Amino acid sequence: MTHRDRYGLELSTASDAAAALYREGSDLLLATWPGAAEAFDAAIADDPDFALARASRARLHAIRGEAGQARAAIAAARALAERHGTERERGQVAILALAIEGHPAQALRQALAHLDTWPRDALVLSLPLGAFGLFAFSGMADHDQARVDLCERHARHYGDDWWFLTYRGWSHVENGDPGAGRALVQRAFALRRHNANAVHALAHAMFEEGSGQEAEALVAGWLPEYGRAGLLYGHISWHQALVALDDGDAARALAIYTDRVQPQATLAAPINIVTDGASFLWRLHAYGHAVPKPLWEEAAAYADRAFPKGGNAFVEVHLAMLAAATGDRARAEAGATVAGPVVPAIHRALLAFADGDYGGCARILAPVAAEVVRIGGSHAQREVIEDTLLIALMRSGAAAQARALLDDRLHRRPSRRDSGWRAALVA
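Calculation criteria
Residues numbered from 1 in each chain as written. Predicted model: local features only at pLDDT ≥ 70, side-chain atom pairs only at ≥ 80, totals over all residues. Heavy atoms only, no water. Salt bridge = Lys/Arg side-chain N within 4 Å of Asp/Glu carboxyl O. Helix = DSSP H or I, 4+ residues; strand = E, 2+ residues; numbered from the N terminus. Buried < 20%, exposed > 50% of the residue type's maximum accessible area, 1.4 Å probe, protein only. Axes fitted to C-alpha atoms, helices over the stretch in contact; angles between N-to-C directions. Parallel < 35°, antiparallel > 145°, perpendicular 65-115°, else oblique. Left-handed = near helix turned anticlockwise from the far one by under 90°. Contact = heavy atoms within 4.5 Å. Core = buried A, V, L, I, M, F, W, Y, C linked by side-chain atoms within 4.5 Å. Phe/Tyr/Trp six-rings, centres within 6.5 Å; stacked < 30°, edge-to-face > 60°. Arc of directions from axis to C-beta.

## Thoughts on the pattern of salt bridges
Counted according to the given criterion, the structure contains 28 salt bridges. As a salt-bridge pair, D144 and R147 come within 2.5 Å of each other at their nearest N and O atoms. In this pair, D144 and R147 are both assigned in helix α8 (residues 143-154), 3 residues apart and thus about one turn of the helix distant. Pair check on accessibility: D144 and R147 agree, each one buried. Counted as one network, the salt bridges with shared partners bring together D246, R283, E383, E386, D387, D408, R409, R412, R413, R417 and D418.

Here you go:
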């Protein structure tokens, strides 16, 4: 009997149990739900020659920042796929290997070509998508549109599949159509409630629509079902903290951070721990609230351990926030990234802001504001840079420029915080 995955693609295993465990693990991986690692480990134990189970395990290691384990697992998967795998399986493993071994541009090219032949290879399709996907971290200025184009190209192959609807909807949200995107994600959530990516995508849609209280109610009602072991538990809590900040409740926002987001409180992936922590603390400080010094120190110490040699453009920007806030001039120069000159410009602007040179910060940031998209991540994550520019404009007396930026933001979505700033400028 030929075993197949949930998308009808052949699996090179003779074991009924291993195939079933792989399908279970794949769904949990695509939902970012606890239990995927255990399912893949059990599949490997049942059939040690099952290449795709090892490849998916490698993907999980990579997501968790376990680089050495990811490389070992993908090397084993590649050897097995060469001996036992189909052409499709060999292609999937090769693409995962490129991503894990630090060749993202080549991984993206091969993934797009692979999908032209096997569009229902969902694990491969997942690689270019998302805030931390191959498109987002490519340095492209139009990665939001690229994700939409890719999803629409292959939509006919997926129909009402809960995983695909989630990422198709999120892609539209990020590309400036939160209404249509939210409708797609809500369909996905109705099909599978135990889908952390759907709740995350809905939080983004509600952010873009200015529906903070809806986001608060969604997260508060759903998060206990997920539990602290969930990889996105801390990041979804970060979204909840941003809602509190927008409502002017800094004490609640800080309480959420210390309970669920700071390094010692979360089991999130290192990239989320560093970027969520740095951006939250920077926002809190920039909005004029006191940040306890130990929180800065803890976030910076964790970042030094997690990314001792720096990282991609998105990580570099958040390392710059920590460096500026803690006075660590050893990190004064950002590493080279595919995003180009925007990253060192942001770094210089953050240092100027931390030094109280708000006019200098604004002069550096304003010319590159349109290029910030190149660092990757989501719009909600990148907005911290726009916040920095806006506050620098207000504090340096550039009221007309600040009003124009606020008017643009308020045209996109309502915000209690932005409305307050706008009223203060008028007064």
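## Some points on the packing of helix α15 (residues 270-286) against helix α16 (residues 293-306)
Pairs of packed helices are described in terms of their axes, by the angle between the two and the distance that separates them. Contact geometry for α15 and α16: axes closest at 10 Å, N-to-C directions at 150°. When the axes of α15 and α16 are compared, the pair comes out roughly antiparallel. Seen along the crossing, α15 lies across α16 with a hand that is left-handed. Two secondary-structure elements touch here, α15 through P270, I273, V274, A278, L281, W282 and H285 and α16 through L295, W296, A299, Y302, A303 and A306.

## Overview of the nonpolar core
One finds W163 and F280 to be the most contacted residues of the largest nonpolar core, which totals 147 residues. When near neighbours in sequence (up to four residues on either side) are disregarded, F280 contacts W238, A241, L245, A253, L254 and Y257.

## A closer look at the environment of I95
Tracing the chain through its elements places I95 in helix α5 (residues 87-100). Residue class for I95 comes out buried when judged on its relative accessible area of 1%. If sequence neighbours within four positions are ignored, I95 has contacts with A107, Q110, A111, H114, V124 and L127.

## Section: the packing of aromatic side chains
Counted by the stated rule, this structure contains 17 aromatic pairs. Taking 5.5 Å as the distance between ring centres and 65° as the angle between the ring planes, the aromatic pair formed by Y7 and Y158 counts as edge-to-face. Taken together, the residues Y7 in the loop between β1 (3-4) and β2 (10-11) and Y158 in the loop between α8 and α9 (162-174) connect sequence positions 151 residues apart. When sorted by exposure, Y7 lands in the same class as Y158, which is buried.

## Overview of helix α2 (residues 36-46)
Within the span of α2, buried status applies to A36, A37, A39, F40, A43 and I44. Each buried residue of α2 sits inside an arc of 165° when the element is viewed along its axis, so together they form one side. Those residues of α2 that are exposed and angled more than 90 degrees off the buried face are E38 and A45.

## As for unusual backbone geometry
If you check the backbone angles, T32 has positive phi at about 50° while not being a glycine. Relative to the assigned elements, T32 resides in the loop between α1 (16-30) and α2. Judged by its relative accessible area of 17%, T32 is buried.

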